[in-house]
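Each chain, written out:
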Amino acid sequence: MFQLFMNRLILKIALILLITTWVIYATSHPRAQEGKIEYFLNTAMVPLESSFNYLGKMTGDTLRTITKLAQLKEENDRLQTQVSDLQAKQLGLNALQAENKRLRDALQFTADQPHEVISAGIIAVNPSNWNCSVIINKGRKDGIQKNMAVISPEGVVGRIGEVRAHSAEVIMITDPRQGNYIGGVVQRTRDMVFVVGGNHRGECTVQPAVDNYFKDLQKNDLVVTSETSEIFPRGLPIGRVVYFIQRVNNMVTKAYLKPVVDLGKLEIVYIIKSKKELPPETTFGGSENAPTNP
Amino acid sequence: MRLLILSIWVILGVVVQSTWLASLLPMQFTPDLVLIMTISYGLLRGPNQGLLFGMGAGFFVDLLSGNIIGIRALSKMIAGFCSGFMEKNIFKDNLLVPALAVFIGTIVCETFNLFMFTAFKMNIGIWFKLLEILPLACLNAIVAPVIYHFFLRIERFLAERAK
């Protein structure tokens, strides 16, 4: 027993246990306030705890931000896909809307025409750079015949060339082939002219039909089909004079015309199956739609 | 020097445990870094040093925690003292030893704490707390090799310095 007390280690442990037990007992009762050591330690730890807490929050926020960024990227990718899908759908809808409008206009135009017309869609263009002609989806079976007038709501397009069973060639007014001309009249001066296809690409040549020169031709004059035209009803706009050549005495012998119809953007054309003679004052498409010479 | 390093470690352990780990870990409890340090120190330095470390660190935690002072100190003293008995029988570079020691130590200490606090009339749901002990022991065992490794390096650094 004495030896046990003499063992310093056991004595130390016993002392520590005794002190600890006393502390436990002393602090186990409700206290009015915490002890000074507790107060000091807790106060001293506050700045350190605050700093670590701040750092911890920053780390947490950074981790959350990274996680959020990953989520946002995923969401962004998903939304981008949705936007692409919707854009594709929108494009389809726009195309449908445009087609719907075009068909409505075509229907209206057909109904408004005094002549018997057949509408046709353009399915191909002439592959050669030397000719200006297109292929339409109507042919002999639809009542199309050679040299029928081809028009659009804006004016003259050309005439029917070769006719097949279910398709036909439309020779544009700008086509330079021989014999491709239309009898016309300058709307302002009533000078009779021939509009011959060809010259600069997309233009026609205007030649006086009676005299050797134009008495009073001006730039931007509108040329319309005349009664001299065998296939076109009179009054259809052909084009406007864009420039002319003046010879001696300022006489204009030749002019050049830009078609009123944008021949490069045609989708639907109308073939006049049988033209009806109209009273002289009637103009193409009714007075409201007719382009006027400024 | 040793006292200073150990003090810094204990302070850092308490602060990290009460700030970072408390906010980062989704569980309702955090690893008891001070207990892990006590057991690790006991494994490296023997029962006497383990007991002293457990007493100092435990009282520090008790003083910061408030309420009854000494219960956690007593449990950590026991942990440090008991783990210290293994000091001479273990291969110190094996990181599985601290993990196992901490796992067992956590179960013993937490059970001791539970019964002590219950004995001092703290309102604790014994069964709920008992269910928490095993996951906490696992968590402590996972963290233990890291802290033990740091303590091992500190010990080797101090041993080198002493030469």
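A. How the structure looks around the overall build of chain A. Helix and strand content of chain A: four helices and twelve strands. Of all 294 residues assigned to chain A, the portion counted as buried reaches 27%. Pairs at least 24 residues apart make up 57% of the contacts formed inside chain A by residues separated by at least 6 positions.

B. Broad picture of the overall build of chain B. Helix and strand content of chain B: seven helices and zero strands. If you list the helices and strands of chain B from N to C, you get α-α-α-α-α-α-α. Counting every position in chain B, which comprises 163 residues, the buried fraction comes to 45%. Residue pairs in contact within chain B that sit at least 24 positions apart in sequence constitute 72% of those at least 6 positions apart.

C. Structural detail: the sheet that holds strand β2 (residues 133-136) of chain A. All names here are of chain A. Judged by pairing direction, the barrel is antiparallel, and its six strands sit side by side in the order β1-β2-β5-β4-β3-β12 before closing back on the first. Strand after strand, the sheet turns through a mean of 45° between neighbouring axes, direction not considered. Here strand β1 (residues 116-125) runs beside β2; their pairing, made up of three bridges, is antiparallel. Directly across from A124, in β2, lies its bridge partner I135. Along the sheet, helix α3 (residues 36-112) makes contact with β1 and β12 (268-274), crossing β12 at roughly 20°.

D. Quick look at the packing of helix α4 (residues 47-65) of chain B against helix α5 (residues 71-84) of chain B. All names here are of chain B. Here α4 crosses α5 at 160°, and the two axes come no closer than 7 Å. Taken together, the axes of α4 and α5 lie roughly antiparallel to each other. The two elements α4 and α5 meet at a crossing, and its hand is right-handed. A class-by-class count of the residues in the contact of α4 with α5 yields eleven nonpolar, nine polar and three charged.

E. Inspection of the nonpolar core at higher detail. Residue and element names in this part refer to chain B. V10, V34, I36 and M37 are the most contacted members of the largest nonpolar core, which totals 47 residues. Where this core is concerned, the elements lending two or more residues are α1 (2-18), α3 (33-45), α4, α5, α6 (96-119) and α7 (126-162). Each residue touching I36, except ones within four places of it in the same chain, is listed here: P31, V102, N140, V143, A144 and I147.

F. The arrangement of the interface of chain B and chain A in detail. Between chain B and chain A, the residue contacts involve 21 residues of the former and 21 residues of the latter. Among the secondary structure elements, those contributing two or more residues to the side of chain B that touches chain A are α1, α2 (20-24), α4 and α5 of chain B. No other element matches the five residues that α4 of chain B contributes to the side of chain B that touches chain A. Classifying every residue of the side of chain B that touches chain A by side-chain character gives 15 nonpolar, six polar and no charged.

G. Seen up close, the packing of α3 of chain B against α6 of chain B. Residue and element names in this part refer to chain B. Closest axis-to-axis distance for the α3/α6 pair is 10 Å, and the angle between their directions is 125°. Considering their axes alone, α3 and α6 lie oblique with respect to each other. For the pair α3 and α6, the crossing hand works out as right-handed. In this structure, α3 contributes L35, I36, I39, S40 and L43 to the contact, and α6 contributes V97, P98, A101, V102, G105, T106 and C109. Of the residues contributing to the contact of α3 with α6, the split by class is nine nonpolar, three polar and no charged.

H. Just α4 of chain B, in detail. Its 19 residues give α4 of chain B an end-to-end C-alpha distance of 26 Å, which sits within 8% of 27 Å, the value for a rise of 1.5 Å per residue. Phi turns positive, to about 60°, at N67 of chain B, one or two residues after α4 of chain B.

I. Local environment of the pairing of strand β10 (residues 237-246) of chain A. Residue and element names in this part refer to chain A. The sheet contact formed by strand β9 (residues 222-225) and β10 spans three bridges and is antiparallel. What sits directly across from L222, in β10, is R240. Judged from the seven bridges that link them, β10 and strand β11 (residues 252-259) form a sheet pairing that is antiparallel. In the strand pairing of β11, V241 is matched with L257.

J. Geometry of the pairing of β1 of chain A. By the bridge criterion, six bridges tie β1 of chain A to β12 of chain A in an arrangement that is antiparallel. Bridge pairing in β12 of chain A links E116 of chain A to S274 of chain A.

K. Structural detail: the sheet that holds β10 of chain A. Read around the barrel, six strands follow the order β6-β7-β8-β11-β10-β9 (chain A) and close on themselves; strand pairing throughout is antiparallel. The average undirected angle you get between the axes of adjacent strands in this sheet is 40°.

L. The arrangement of unusual backbone geometry in detail. Residues and elements named next belong to chain A. In this structure, R190 is a non-glycine residue whose phi angle is positive, near 60°. Its location among the elements puts R190 in the loop between β6 (181-186) and β7 (192-197). Of note, N220 is a non-glycine position whose phi angle comes to about 75°, a positive value. Tracing the sequence through the fold places N220 in the loop between β8 (204-208) and β9.

Rules used throughout
- What you see as residue numbers is a count from 1 along each chain, following the sequence as written.
- Written order decides the labels, with chains lettered from A and ligands numbered from 1.
- Whole-chain, interface and lining totals are the exception, using all residues; otherwise, since this is a predicted model, local features are given only for residues with pLDDT of at least 70 and side-chain atom pairs are given and counted only at 80 or more.
- By definition, any uninterrupted DSSP run of H or I lasting at least four residues is a helix, any uninterrupted run of E lasting at least two residues is a strand, and each is numbered from the N terminus.
- Neighbour density around each residue's C-beta defines its exposure: 20 or more other C-beta atoms within 10 Å make it buried, 12 or fewer make it exposed, and counts between make it partly exposed, where C-beta atoms are placed from the backbone.
- The contact criterion used here is simple: two residues whose C-beta atoms, placed from the backbone, lie within 7 Å are in contact.
- Paired strands, as defined in this entry, are two strands with at least two bridges between them according to DSSP.
- Axis definition: a line fit to C-alpha positions, over the contact stretch in the case of helices; interaxial angles, taken between N-to-C directions, run 0 to 180 degrees.
- An angle counts as roughly parallel when it lies under 35 degrees, as roughly antiparallel when it exceeds 145, as roughly perpendicular when it falls between 65 and 115, and as oblique in every other case.
- Less than a right angle of anticlockwise turn of the near helix away from the far helix marks a crossing as left-handed, whereas a clockwise turn marks it as right-handed.
- In this classification, Asp, Glu, Lys and Arg are treated as charged, Ala, Val, Leu, Ile, Met, Phe, Trp, Tyr, Cys and Pro as nonpolar, and every other residue, Gly included, as polar.
- We call a set of buried Ala, Val, Leu, Ile, Met, Phe, Trp, Tyr and Cys residues a nonpolar core when their C-beta atoms link them within 7 Å.
- The length a helix should cover is 1.5 Å for every residue beyond the first.

Everything listed here is a matter of geometry and, on its own, says nothing about what the molecule does.
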